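Breakdown of the fold
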Amino acid sequence: MTGRYEAMWERLNLDLDAHASLLEVLGKFYGDIYMSQQGRLRGMEYLDFVLSEIHGLRIQELQEARANGRKVIGTFCVFVPEEIVWAADAIQVGLCAGAEAGTEAAEKILPRNTCALIKSFVGFKLARLCPFIESCDMVVGETTCDGKKKAYEIFSDYAPVYVMEIPQMKCAADRALWKAEVLRFKQAVEDLTGRSITAERLREAVVLINQRRRALQRLNRLRAAHPVPISGRDVLLINQVSFYDDPKRFTQKIEELCDELEDKVRRGEGVADGAVRLMLSGCPMAIPNWKLPYIIESSGAVVVGEESCIGSRNTRDLVDESASNLDELLDAIVDRYMKIDCACFTPNAERLEHIVDMARELNVKGVIHYGLSFCQPYAMESFKVEKALQEAGFPMVAIETDYSMEDVEQLKTRVEAFVEMVR
Amino acid sequence: MAIIGLDVGSRSIERVVLEESSGKWTWEKAPTTFDPLAQCRRLLAHVDGCSVVVTGYGRRLVAEQFPHLCARTVTEIQAYARGVHHLYPQARTVLDIGGQDTKVIALSAHGSVAKFEMNDRCAAGTGKFLEFMASSLQVPLEAFGHFALQADKQVEINSMCTVFAESEATSLMARGERPQNIAMALHRAVVRRTLAMLRRVGGASPLVFAGGVAHNPCVCRLLSESLGEAMIVAENPDVIGALGAALIGASG
Ligand code: SF4
Ligand code: SF4
């Protein structure tokens, strides 16, 4: 795709050489991890295409939309209420932050012991590697953890940052705070786009995003069949792509893929004979962070569920569509987002319940808890998660890692040993 | 039929040949060197008509490089659990400190793995740490434990990080501290780290100490001071992985 889009990348002020080598690495990585799989669904072609055009066609679409006066808003967290963005006819993209490229640049302005996700988004910007960040009219940060909170202060020297305050408890006062923040965000989006959000437009946006969540819920139900009809890697990729592709197109394509999957399930066709069913839980896994899922699925296991922001945490709850006016719709949005069980909340018993429920429903043999090095919220919670799972009879192993490839051998040993143990 | 268990570790490679019918076994050990495949080739010569199970760091490499053997691989965790259970059926916890990794394995009453912990990628508390420190104090690794046992005074090294611990050791040296005392402090740091890991796994007793570092008399002494009667130092601590691999091969 290089030739076709070079001029556009240049206009976006990317570092063309560095960007070319990033694409090369990404392409190779994708080939090894995805294209090498046997018996994939036809519907995955769409995802292969989206991914091969990740910095091409989609960016072009964003540029065209911008030329027509639409705004692009980038986010890093599933807390940012998407419905508001779409209701103002703006476009929301989840910024990926799943690769190591740019770390060196990031370490110039961030402490070394910062989680890989933060280093990655800052690094992508500083090293001028990400056409998505460069296409954003506004980047929305949030106060979910101290690392992010402080990083956005630094990041705001380089990008148009807007920060939302996320409450950390779930009492009435916190809901009030969150409601105020949602209203403040609505105002900011209206100011940016010059459009006011009406009840009608907001309801359409609620339905649009709910549809996408429903498609992903359907996918999650289907993938859990015995035998497992689709690899965990493929589902992870679908979840990752859901963050930046056009929601209408995405939903339609995923419904088609689900139809195909349904047939496959009916025929009793599996992708991983004899593989141990495992579940992943913990920190988000942004594109192209496929290291751990790949290790798991090459160690005799298959991932049948992700308790993660790039997974069930983002799709489990819908916004109530029955609201009749703007204020009720906003309330429904506030309530839906308050159900998110990110580790930044205290206390956070819902997450433990959700994990145990998922493990039971998906009928897994064990859970792998994934934490990014230096991520305190998830590292701290992993102890509680392990205890809750143990009481419910599910073994768990906690894996802490980052985006580098140095520890692959050690991770393989741990994952393989876990698979041997639970088999 | 004979079954071969091969443990390809970062410092040494062990081979066990197990006679399936009699249960008798023999073993051999070779240094890993910079050409582990050549060492393996030597250890695997004349193995036709055997089945081979490989464990350790190099397990996959060996399985790939000697495709005609159709070798099976198992992780060190399984191999050590199995080997220890065979030799010490009463054991409930395995501590294996090897060249690169420290592992603690909790065993169920019938010897299966109930839970395990492994150090992350840093070398703190592993054989590598001791190796590095021995060479910076210019003591041969094999003699490092004895050397430390000649300490006559307690000094502290607080850092478990290899780099920081070395600079602590250097500044103690600059203050004229006896190297034996420094060596003892370094051993204590390893043991502290190990005990923390043991506590996390909640290892029941008795515990069997295996892996290359179990040859180190100072680590053994310090550990048994903390753990008491409940610790058994494996008789041939570095053969257990290879034996476990062979036993796993025997049971199909
Ligand atoms: S883990 Fe928490 S902070 Fe991160 S994306 Fe999810 S909800 Fe947001
Ligand atoms: S992974 Fe953890 S430390 Fe990193 S941004 Fe998310 S919550 Fe913060």
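Residues numbered from 1 in each chain as written. Chains lettered and ligands numbered in written order. Predicted model: local features only at pLDDT ≥ 70, side-chain atom pairs only at ≥ 80, totals over all residues. Heavy atoms only, no water.

As recorded in an unreviewed UniProt entry, chain B goes by the name Putative CoA-substrate-specific enzyme activase, listed as coming from Desulfosoma caldarium. The Cofactor (unreviewed entry) field of the UniProt record for chain B holds the comment "[4Fe-4S] cluster". (UniProt positions renumbered as here; feature names shortened; annotations may be inferred.)

You'll find chain A entered in an unreviewed UniProt entry as Benzoyl-CoA reductase/2-hydroxyglutaryl-CoA dehydratase subunit BcrC/BadD/HgdB, with Desulfosoma caldarium given as the organism. Check the Sequence similarities (unreviewed entry) section of the UniProt entry for chain A; it says "Belongs to the FldB/FldC dehydratase alpha/beta subunit family."

**Thoughts on the domain arrangement of chain A**
All names here are of chain A. You can read the domains of chain A as domain 1 (5-168) and domain 2 (202-422). Computed from C-alpha coordinates alone, the two centres of domain 1 and domain 2 are separated by 20 Å. Each side of the interface is counted separately: domain 1 has 50 residues, and domain 2 has 55 residues. Of the roughly 4700 Å² buried between domain 1 and domain 2, counting both surfaces, carbon and sulfur atoms make up 70%. Taken together, the links from domain 1 to domain 2 amount to six salt bridges. Two residues, arginine 58 and aspartate 245, come together in a salt bridge whose shortest N-O distance is 3.9 Å. Here domain 1 is connected to domain 2 by 20 residue pairs in polar contact (both at pLDDT 80 or more). Secondary-structure elements contributing two or more residues to the side of domain 1 that touches domain 2 are α2 (16-35), α3 (44-52), α4 (57-67), α5 (82-87), β2 (91-94) and α7 (116-126). Per-element tally for the side of domain 1 that touches domain 2: the top contributor is α2, with six residues. (Domains from an automatic or database assignment. Contact = heavy atoms within 4.5 Å. Buried area = accessible area lost by both parts, 1.4 Å probe. Salt bridge = Lys/Arg side-chain N within 4 Å of Asp/Glu carboxyl O. Polar contact = N/O pair within 3.5 Å; in protein donor to acceptor, adjacent residues only side chain to side chain. Helix = DSSP H or I, 4+ residues; strand = E, 2+ residues; numbered from the N terminus.)

**So, the site of ligand 2**
All names here are of chain A. As a structural note, the neighbourhood of ligand 2 is formed by Cys115, Ile118, Cys145, Lys148, Cys283, Leu372 and Cys375. More than half of the atoms of ligand 2 fall within 2 Å of the grid points belonging to the second largest pocket. Lining the shell around ligand 2 are residues from two domains, each supplying at least three of them: domain 1 (5-168) and domain 2 (202-422). (Near = heavy atom within 4 Å. 1 Å grid on protein atoms, 1.4 Å probe; cavity = no way out; pocket = protein on both sides within 12 Å on 5 of 7 lines; lining within 4 Å. Sits in = over half its atoms within 2 Å of the grid points.)

**Quick word on the sheet that holds strand β1 (residues 2-8) of chain B**
Residue and element names in this part refer to chain B. Within the open sheet, the five strands sit side by side as β3-β2-β1-β4-β5. Their pairing is mixed. Every interior strand has two partners, whereas the edge strands, β3 (25-31) and β5 (72-73), have only one. Bridging between strand β4 (residues 50-55) and β5 involves two bridges; their strand directions are parallel. What sits directly across from valine 54, in β5, is threonine 73. Across the sheet, helix α1 (residues 36-43) lies against β1, β2 (12-19) and β3, angled at about 155 degrees from β3, the strand it touches most. (Pairing = 2+ DSSP bridges. Axes fitted to C-alpha atoms, helices over the stretch in contact; angles between N-to-C directions.)

**Concerning helix α12 (residues 232-241) of chain A**
Along an α-helix, residues three or four positions apart point the same way, because every turn accommodates 3.6 residues. The buried fraction of α12(A) is high, at ten of ten residues. Listing the buried residues of α12(A) in full gives Gly232(A), Arg233(A), Asp234(A), Val235(A), Leu236(A), Leu237(A), Ile238(A), Asn239(A), Gln240(A) and Val241(A). (Buried < 20%, exposed > 50% of the residue type's maximum accessible area, 1.4 Å probe, protein only.)

**Brief notes about the confidence of the model for chain B**
With 99% of its residues at a pLDDT of at least 70, chain B reaches an overall mean of 91. Note on the complex model: pTM 0.93, ipTM 0.88. (pLDDT = per-residue confidence, 0-100.)

**A look at the interface of chain A and chain B**
In this complex, chain A contributes 19 residues to the contact, which on the side of chain B involves 17 residues. Around 1700 Å² of area is buried between chain A and chain B when both sides are counted, 48% of it from carbon and sulfur atoms. At the surface where chain A touches chain B, the tally comes to three salt bridges. For Glu386(A), the salt bridge is made with Lys115(B), and the minimal N-O distance between the two is 2.7 Å. At the boundary of chain A with chain B, the tally comes to six residue pairs in polar contact (both at pLDDT 80 or more). Going through the elements one at a time, α18 (376-391), β8 (396-401) and α19 (408-422) of chain A are the ones with two or more residues in the side of chain A that touches chain B. No other element matches α19(A), which puts ten residues into the side of chain A that touches chain B. Grouping the amino acids of the side of chain A that touches chain B by side-chain chemistry returns five nonpolar, five polar and nine charged. (Nonpolar A, V, L, I, M, F, W, Y, C, P; charged D, E, K, R; others polar.)

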